[in-house]
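# Structural overview
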Amino acid sequence: MNAVYEKLLKCCACVRKKTDFVPKVAIVLGSGLGDYADQIQAAEEISYDDIDGFPISTVPGHAGKFVFGYVGEVPVVCMKGRVHFYEGYDVRDVVLPARLMKLLGARILFLTNAAGGVNVSFHPGDLMLIRDHISMFAPNPLIGANIEELGVRFPDMSTVYDRKLQALIRETARENGIHLQEGVYAQLTGPSFESPAEIRMLRLLGCDAVGMSTVVEAIAANHMGMRICGISCVSNLAAGMTDNPLTHEEVQEAADMAAPRFKTLLTESVKKMGE
Ligand code: HPA
């Protein structure tokens, strides 16, 4: 059997030994946004290090666990902490958790992240609905023998971010008086932040926000036929747009500023996904 698939099935079996919870929506919490997990009426929690072979994050603030529970009536699995390609993991390990949540039953993947604002009209603390993405320099997670059990060799990527879910999130933002930016998210590898010249390049290419996650997970999840949506929390204006150097602390501060809006948007959107 394909080694990547075998590892995935082993992780899945390991989780199934601990819980028979079947989530409908899978939520990935981005940097600084992990506190959202406390909002979930938790039924069960599984620490990543209790899952044999599961990739474990090394970044401060990325405590790693799955929280299984309910948002309203909707059964969800929430990832508090994710691993990033820049930590040195094979990209196929980076997408293992997303694939695993699909195998556990999740049909919808709700991706969130902290991102640098590239669009000049964005402000720190803004929330951005991801309409599309650009992958830059991170390898495609589908490289290697295709796992036929998961999807086709050449998957279509014309609508990675489900249009109905986008409309649902837009409507939820409007109903709750939350200002929502929209745009294209670019994933670069990190861990260094971008240079001002790279940010000008990204803007020319049509990017609105930049970060170090999300796209590879979206590609793998789309390959498996999941319905995907995503929200970026703009934690800073990208390099060169202000005179300030960028720091990881800033990411946490902006996430804290956006937390009440982020929480409302996520909760109310997920509730509607159960309808
Ligand atoms: N660049 C890349 N990743 C990020 C940034 C940024 O400016 N802010 C938060 N994550």
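Scroll up for the structure.
The rules we used
- Residues numbered from 1 in each chain as written.
- Predicted model: local features only at pLDDT ≥ 70, side-chain atom pairs only at ≥ 80, totals over all residues.
- Heavy atoms only, no water.
- Helix = DSSP H or I, 4+ residues; strand = E, 2+ residues; numbered from the N terminus.
- Rg over C-alpha atoms; globule rule 2.2 N^0.38 Å.
- Buried < 20%, exposed > 50% of the residue type's maximum accessible area, 1.4 Å probe, protein only.
- Contact = heavy atoms within 4.5 Å.
- Areas by Shrake-Rupley, 256 points an atom, 1.4 Å probe, with all protein chains shown as cover.
- Near = heavy atom within 4 Å.
- Polar contact = N/O pair within 3.5 Å; in protein donor to acceptor, adjacent residues only side chain to side chain.
- 1 Å grid on protein atoms, 1.4 Å probe; cavity = no way out; pocket = protein on both sides within 12 Å on 5 of 7 lines; lining within 4 Å.
- Sits in = over half its atoms within 2 Å of the grid points.
- Nonpolar A, V, L, I, M, F, W, Y, C, P; charged D, E, K, R; others polar.
- Expected span 1.5 Å × (residues − 1).
- Phe/Tyr/Trp six-rings, centres within 6.5 Å; stacked < 30°, edge-to-face > 60°.
- Points joined across faces, edges and corners; volume = space filled by probe spheres on them.

What follows is about the overall build of the protein. What the protein contains, in helices and strands, is seven helices and nine strands. The C-alpha atoms of the protein give 17 Å as radius of gyration, which agrees with the globular expectation for 275 residues (19 Å, within 12%). If you line up the protein on its principal axes, its C-alpha atoms span 50 × 40 × 35 Å. Of all 275 residues assigned to the protein, the portion counted as buried reaches 56%. Across the protein, contacts joining residues at least 24 apart in sequence account for 83% of those joining residues at least 6 apart. Split by element, the accessible area of the protein, about 11,700 Å² in all, is 51% carbon and sulfur.

This next bit is on the site of the ligand. Every residue near the ligand is listed here: Ala114, Ala115, Gly116, Phe193, Glu194, Val210, Gly211, Met212, Ser235, Asn236, Leu246 and Val251. In this structure, Gly116 approaches the ligand through a main-chain N or O atom, which is 3.3 Å from a nitrogen atom. Summarising the interface, the protein chains cover 95% of the accessible area of the ligand, which totals 260 Å² for the free molecule. With respect to the detected pockets, the ligand is housed in the largest pocket. Considered class by class, the residues forming the shell around the ligand number seven nonpolar, four polar and one charged.

Now for helix H4 (residues 163–175). The periodicity of an α-helix, 3.6 residues per turn, causes residues three or four places apart in sequence to face the same way. An ideal rise of 1.5 Å per residue puts 18 Å on 13 residues; H4 measures up with 18 Å between its terminal C-alpha atoms. Contacts made by the buried residues of H4 are with strand E5 (108–117), strand E6 (127–135), strand E7 (180–187), strand E9 (227–237) and helix H7 (248–273). The distance from a side-chain oxygen at the start of H4 to the backbone nitrogen of Lys164 is 3.0 Å, and the residue carrying that oxygen is Asp162.

Quick look at the environment of Cys12 now. Along the chain, the position of Cys12 falls in helix H1 (residues 3–18). Judged by relative accessible area, Cys12 falls into the buried class, the value being 12%. With sequence-adjacent residues up to four places away left out, Cys12 is seen in contact with Leu100, Leu103 and Leu104.

Moving on to the packing of aromatic side chains. With the rule as written, the count across this model stands at seven aromatic pairs. Taking 5.2 Å as the distance between ring centres and 80° as the angle between the ring planes, the aromatic pair formed by Tyr48 and Phe66 counts as edge-to-face. Of this pair, Tyr48 sits in the loop between strand E2 (41–47) and strand E3 (65–71) while Phe66 sits in strand E3, placing them 18 residues apart in sequence. Exposure remark for Tyr48: the relative accessible area of 2% places this residue in the buried category. Site record: aromatic cluster; members linked through ring pairs are Phe21, Tyr48, Phe54, Phe66, Phe68 and Tyr70.

The topology assignment puts Asn146 in the loop between E6 and H4. Using a relative accessible area of 14% as the deciding quantity, one classes Asn146 as buried. There is a polar contact of 3.0 Å between the side chain of Asn146 and the side chain of His223. Among residues more than four places away in sequence, those in contact with Asn146 are Gly151, Val152, Arg153 and His223.

Another point: the layout of surface pockets. Estimated volume of the largest pocket: approximately 330 Å³. Along its surface, the largest pocket is lined by 24 residues, and Ser31, Ala114, Phe193, Met212 and Val251 are the ones closest to its centre. Where the lining of the largest pocket is concerned, the elements lending two or more residues are E5, strand E8 (209–211), E9 and H7. Take the lining of the largest pocket: its biggest share by element is four residues, from E5. Residues that form the lining of the largest pocket fall into these classes: 12 nonpolar, 10 polar and two charged.

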